[in-house]
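Take a look at the letters that make up each chain.
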2 protein chains.
Amino acid sequence: MKKEKQQGITVKKEENFSEWYTQVIQKADLIDYSKVSGALIFKPGSYVIWETLKDHFDKKIKKDGVQNVYFPSLIPEKLLKKEAEHVEGFAPEVAWVTHAGKTKLPERLAIRPTSETIIYDSYSKWIRSWKDLPLRYNQWVNIIRWEFKNPIPFLRTREFLWQEGHTVFANRKEAEKEALKILGFYADVFEELYAVPVLKGIKSVKEKFAGADYSLSVETLLPNGKAIQGATSHHLGQNFSKAFDIKFLDENENTCYGWQNSWGISTRSIGIMLALHGDDKGLVLPPKIATNKVVVVPILFKKDYEKVLKAAKDVSKKLKKFNVIFDDREDYSAGWKFNEWELKGIPVRLEIGPRDVAKKQVVLVRRDDGSKKIVKISDVSSEVSKLLVKIQESMFSKAKKFLDSSMVNVKDISGLKKAVGSGKIGKVNWCGVSSCEENIKDKTSAKSLNSDLKLKGLGKCFACAADAKFVTYFGKSY
Amino acid sequence: MKKEKQQGITVKKEENFSEWYTQVIQKADLIDYSKVSGALIFKPGSYVIWETLKDHFDKKIKKDGVQNVYFPSLIPEKLLKKEAEHVEGFAPEVAWVTHAGKTKLPERLAIRPTSETIIYDSYSKWIRSWKDLPLRYNQWVNIIRWEFKNPIPFLRTREFLWQEGHTVFANRKEAEKEALKILGFYADVFEELYAVPVLKGIKSVKEKFAGADYSLSVETLLPNGKAIQGATSHHLGQNFSKAFDIKFLDENENTCYGWQNSWGISTRSIGIMLALHGDDKGLVLPPKIATNKVVVVPILFKKDYEKVLKAAKDVSKKLKKFNVIFDDREDYSAGWKFNEWELKGIPVRLEIGPRDVAKKQVVLVRRDDGSKKIVKISDVSSEVSKLLVKIQESMFSKAKKFLDSSMVNVKDISGLKKAVGSGKIGKVNWCGVSSCEENIKDKTSAKSLNSDLKLKGLGKCFACAADAKFVTYFGKSY
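What you are looking at is a predicted structure, and each value in this text was computed from that prediction instead of being measured.

## A few points about the overall build of chain A
- Of the regular secondary structure elements, chain A holds 14 helices and 23 strands.
- Relative to its length of 478 residues, chain A is compact, with a C-alpha radius of gyration of 25 Å against a globular reference of 23 Å.
- Along the longest, intermediate and shortest principal axes, the C-alpha atoms of chain A span 85 × 55 × 50 Å.
- Excluding contacts between residues fewer than 6 apart, the proportion of contacts in chain A whose partners are at least 24 apart in sequence is 69%.

As structure tokens, then:
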């Protein structure tokens, strides 16, 4: 019956996470490599995840008053250099265009590693009066950062897709309020859509965005004990508005510099979600992100062949709103199909065989925990609805348990070393000083993820003699 | 009352089209220039048009079975050179990346001028059997073509946005059928959404896509007498499948090369629509493409000020589904507001003053022809619905009349010269030969737009001694 060999995952996630990850995203047909080293092809299976995120987030920010725009992807070198800290951060990874056709360009052009500089050059022209504020634009674009570390699909690639929001306010308070609100939107994407719990917080001075006053982030932990940054919302203060001369007349006719934010979430988020939820059989997609939420597999024998097939087809029709896949392929066994759809992470498998038809029932199998439930055909649509909600919740709470149980209160450097050595995140009272962070990294190979937004550090810093200011999460990190 | 000066269009469309076009798209706040010569900033007003087109076309192709993907934007030089005719066509306009950070790359990378080469390199890996076909992928991306001619916003820019579909079929017939179907989708976008009538046809050998067997196109005429290509659907035959080794085993286990198409529509289409419909007051947006379909302007006097304002607000609420703008700004006069929204092309203006409130009526003003209609407040939503349909139809039929009346049957070279000299399109019986086309261009400065898909050329070629094969449209062209 089987016409083609099946390619299951050949390693266990727990035993060799990085090989497991590499296999699962390729075998589930999400990505492929290209002849451009470090760049990735998003196949339909992964691009559709990006589209779902995009729809969700785009609606959210539009409702909040943000408008979409598109700025050129090439940035003249002079512009990129205008904000000193910014160019220092990005220049080492910039891809430079030097020629067009056979002509050498008079000035090198950077492919955007992020678009602050080209956007703010325009903002300085567009903004004149307090009436022009707040100005809140966003763009969905591709980004090139020529990293020299080993590429990891989704998590670290030389080209990726993201949205970047760029906003200007008349005062610091409003800007800071927005930065925090957007952080909440990102936490919502991870927790509600991806079922990935995150730590919301503020980055250290050492780890903040090049050119920001401070950066807010959502972070989480992968099963291999490495923490990863999910998305960032930067408060830029007046650093760029001063460098780019973004000024306005306030209501009293005083000239003021604008207060700015920039914020982004990228295709990296897809990798985080896949890495966290997948298991030894393949992907496990949270229902809210899965395009096809159900697959119907008829269990066919010679007896009642046509009858079962027809019943399966009828059930599929009832489940149309879940973008059901009706797998009636003849040259594959039911077992082969089970493996295939488990590999691809479809949240619910519906089985129906001769006995089920006789009893007017079907079997629903959850991808996340493999449990089965028999339901009446007449109730199938509402049962599937309920089950999908349950799966989403249960995937989140399983992931939340993992994150919570991976956090260890740590009192000193050796405690942190032990924690990150066993794949955990250390929670510490910390001074926040960059030289202290460098010392911690040397001794433990951990860096700060972010610091809690509400808790204040108590007593002395866990790592040096200074006073603690923050409650901070440290971990090994991507 | 007026706090700010108003910037109307200072030239007439009929007298100085190119200055009119430059003014209207800037003053209606659609675009701005950047420090990158020849690249354009899409401000919210134009980007939202692109989003509307994207939604419309994306739904259409997805329903037809096409899936979205994303391929890297950088193409190694070796890949770009694989199809000889293709590289010859695109190399003169390629932007080359030569360095990353401080490192010189071992091989130059082209920023995609189109993605056939990088996509088909993968297709050769992915396609093995007839079961893998048809393979129909599409991507929405930015494109760089470093043209050295003068840039014209939307119509000719060094960076633009488009979708590119890339499909592979098991035989020529299916591929050709798709190419034609997609052409129909493009005609639909122009005619149904943009209210722009188009000529569907086949490009000449000289004007076809570099690497195609033949190219299908939609073309139209702008009011300045210049024709313009709106979108193209190319049948690539086996040219690329042979260059890239895209082979499959058919049902009889024979090795065959795939039959391919590629097809695209870009942000150029926005410029065509704006240029065709706009008038001396500014943009005229077809209702189906306009995000805000109605603007409500209260006509306020001291008498009944609050009453009128409230009535206007109530009416606005009834029109929510049209994304109504309620313009209650206090520091602008009604006349100023009329000009503003006319400049921006909002399809319907709703006026309501004290007398209207007393009579429980409002005035609807059409942007396209300025005509007014008084309707009862109780009927306002259904009246606006009907009016929007009418405006869309009437804009299309006006444009259709213009296109039809601009086509002249031409018998010889001097007839064509006269026709294109007076801003018309010449319809001719033509041989289709490239050397003949070059001769025609030398003598008339016209080139072939496309040839009718059904009509066959009769008698001798209008320009040379050969037999006519096609009924072809010639015109001055962008």
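The rest of the description comes next.
## Digging into the sheet that holds strand E16 (residues 325-326) of chain B
All names here are of chain B.
- Strand order in this open sheet of five strands is E16-E15-E17-E18-E19, and the pairing throughout is mixed. The open sheet has two free edges, formed respectively by E16 and strand E19 (372-376), since each of these has just one partner strand.
- Helix-sheet contacts for helix H12 (residues 380-405) involve strand E15 (294-298), strand E17 (348-352), strand E18 (361-366) and E19, and the interaxial angle to E18 is about 15 degrees.

## Overview of the side chain of serine 204 of chain A
Residue and element names in this part refer to chain A.
- As for its position among the elements, serine 204 is in the loop between strand E9 (199-202) and strand E10 (214-221).
- Relative accessible area serves as the criterion here: at 6%, serine 204 is assigned to the buried category.
- Among the polar contacts made by the side chain of serine 204, one reaches the side chain of serine 448 at a distance of 3.1 Å.
- Sequence-distant contacts of serine 204, defined by excluding residues within four places in its chain, comprise Trp430, Glu437 and Ser448.

## Structural notes on the relation of the copies chain B and chain A
- Rotating chain B by 180 degrees and moving it 0.0 Å along the rotation axis overlays it on chain A with an RMSD of 0.0 Å. Within this description, the copies of the chain are treated as partners about a two-fold rotation axis. In terms of proximity to the rotation axis, the leading residue of chain B is valine 97 of chain B, whose C-alpha is 2.1 Å off the axis.

## Let's talk about the interface of chain B and chain A
- Taken together, the contact pairs 59 residues of chain B with 59 residues of chain A.
- When chain B packs against chain A, the two sides together hide about 4,400 Å² of surface, and 58% of this comes from carbon and sulfur.
- Of all residues in chain B, Lys35, Pro44 and Tyr70 of chain B give up the largest surface area on contact with chain A, accounting jointly for 14% of the area buried on that side.
- We note a salt bridge from lysine 62 of chain B to glutamate 51 of chain A, for which the minimum N-O separation is 3.2 Å.
- Our count for the contact surface shared by chain B and chain A stands at 27 residue pairs in polar contact (both at pLDDT 80 or more).
- Taken together, the residues that form the side of chain B that touches chain A break down as 33 nonpolar, 10 polar and 16 charged.
- The sheet contact formed by strand E5 (residues 95-100) of chain A and strand E5 (residues 95-100) of chain B spans five bridges and is antiparallel. Bridge pairing in E5 of chain B links valine 97 of chain A to valine 97 of chain B.

## Considering the domain arrangement of chain A
- Splitting chain A by domain gives domain 1 (17-277), domain 2 (294-388) and domain 3 (407-475).
- The C-alpha centroid of domain 2 of chain A is placed 41 Å from the C-alpha centroid of domain 1 of chain A.

## Points about the pairing of strand E15 (residues 294-298) of chain A
All names here are of chain A.
- With five of five residues buried, E15 is to be regarded as a mostly interior element.
- What you see with E15 is no split at all: Val294, Val296 and Pro298 on one side and Val295 and Val297 on the other are buried throughout.
- As paired elements, E15 and strand E17 (residues 348-352) share five bridges and run parallel to each other. Its bridge partner being in E17, proline 298 is matched across the sheet by isoleucine 352.
- Bridge count for E15 against strand E16 (residues 325-326) is two bridges, and the pairing is parallel. Paired with valine 295 across the bridge in E16 is isoleucine 325.
- Taken together, E15, helix H9 (residues 305-318) and E16 form a β-α-β motif whose crossover is right-handed.

## What about the pattern of salt bridges?
- In total, this model carries 66 salt bridges over all chains according to the counting rule given.
- A salt bridge links glutamate 207 of chain A to lysine 447 of chain A; its shortest N-O distance comes to 3.9 Å. Residue glutamate 207 of chain A is found in the loop between E9 and E10, and its partner lysine 447 of chain A is found in strand E22 (residues 447-456); the two are separated by 240 residues along the sequence.
- A salt bridge links lysine 400 of chain B to aspartate 404 of chain B; the nearest nitrogen and oxygen atoms lie 3.1 Å apart. Of the two residues, lysine 400 of chain B and aspartate 404 of chain B are both situated in helix H12; the distance of four residues between them amounts to about one turn of the helix.
- Note on aspartate 404 of chain B: relative accessible area 39%, which makes it partly exposed.

## Brief notes about the packing of aromatic side chains
Residue and element names in this part refer to chain B.
- Inspection of every chain in the model, using the stated rule, returns 46 aromatic pairs over all chains.
- Ring geometry for phenylalanine 57 versus tryptophan 263: centroids 6.4 Å apart, planes at 70 degrees, classification edge-to-face. With phenylalanine 57 in helix H2 (residues 44-63) and tryptophan 263 in strand E14 (residues 259-266), the pair connects residues that are 206 residues apart, well separated along the chain.
- Centroid distance phenylalanine 160 to tryptophan 162: 5.8 Å. Interplanar angle 75 degrees. Geometry classified as edge-to-face.
- For phenylalanine 160, a relative accessible area of 11% puts it in the buried group.
- Exposure remark for tryptophan 162: the relative accessible area of 11% places this residue in the buried category.

## What to know about the pairing of strand E21 (residues 425-430) of chain B
Residues and elements named next belong to chain B.
- Sheet topology places strand E20 (residues 407-409) next to E21; three bridges connect them, and they run parallel. Looking across to E21, one finds that asparagine 409 is bridged to lysine 427.
- Between the parallel pair E20 and E21, the chain is carried across by helix H13 (residues 413-421), and the sense of this crossover is right-handed.
- In this structure, E21 lies alongside strand E23 (residues 470-475), joined through five bridges in antiparallel fashion. Across the sheet, residue glycine 426 finds its bridge partner in E23, namely phenylalanine 474.

## Looking at H12 of chain B
- Here H12 of chain B contains 26 residues, and its C-alpha end-to-end distance of 37 Å stays within 8% of the 38 Å for a straight helix at 1.5 Å per residue.
- Burial in H12 of chain B covers these residues: Val380, Glu383, Val384, Leu387, Leu388, Ile391, Gln392, Met395, Ala399 and Leu403 of chain B.

## So, the side chain of arginine 136 of chain A
Residue and element names in this part refer to chain A.
- Relative to the elements of secondary structure, arginine 136 occurs in strand E7 (residues 135-144).
- A polar contact of 2.7 Å, which involves the side chain of arginine 136, links it to the side chain of aspartate 64.
- Separated by 2.8 Å, the side chains of arginine 136 and glutamate 178 make a polar contact.
- In this structure, arginine 136 is in contact with Asp64, Gly65, Val66, Gln67, His166, Thr167, Phe169, Glu178 and Lys181, ignoring residues within four places of it in sequence.

What counts as what
Residues numbered from 1 in each chain as written. Chains lettered and ligands numbered in written order. Predicted model: local features only at pLDDT ≥ 70, side-chain atom pairs only at ≥ 80, totals over all residues. Heavy atoms only, no water. Helix = DSSP H or I, 4+ residues; strand = E, 2+ residues; numbered from the N terminus. Rg over C-alpha atoms; globule rule 2.2 N^0.38 Å. Contact = heavy atoms within 4.5 Å. Pairing = 2+ DSSP bridges. Axes fitted to C-alpha atoms, helices over the stretch in contact; angles between N-to-C directions. Buried < 20%, exposed > 50% of the residue type's maximum accessible area, 1.4 Å probe, protein only. Polar contact = N/O pair within 3.5 Å; in protein donor to acceptor, adjacent residues only side chain to side chain. Least-squares fit on C-alpha atoms with pLDDT ≥ 70 in both. Buried area = accessible area lost by both parts, 1.4 Å probe. Salt bridge = Lys/Arg side-chain N within 4 Å of Asp/Glu carboxyl O. Nonpolar A, V, L, I, M, F, W, Y, C, P; charged D, E, K, R; others polar. Domains from an automatic or database assignment. Right-handed = clockwise from strand over helix to strand, strands pointing away. Phe/Tyr/Trp six-rings, centres within 6.5 Å; stacked < 30°, edge-to-face > 60°. Expected span 1.5 Å × (residues − 1).

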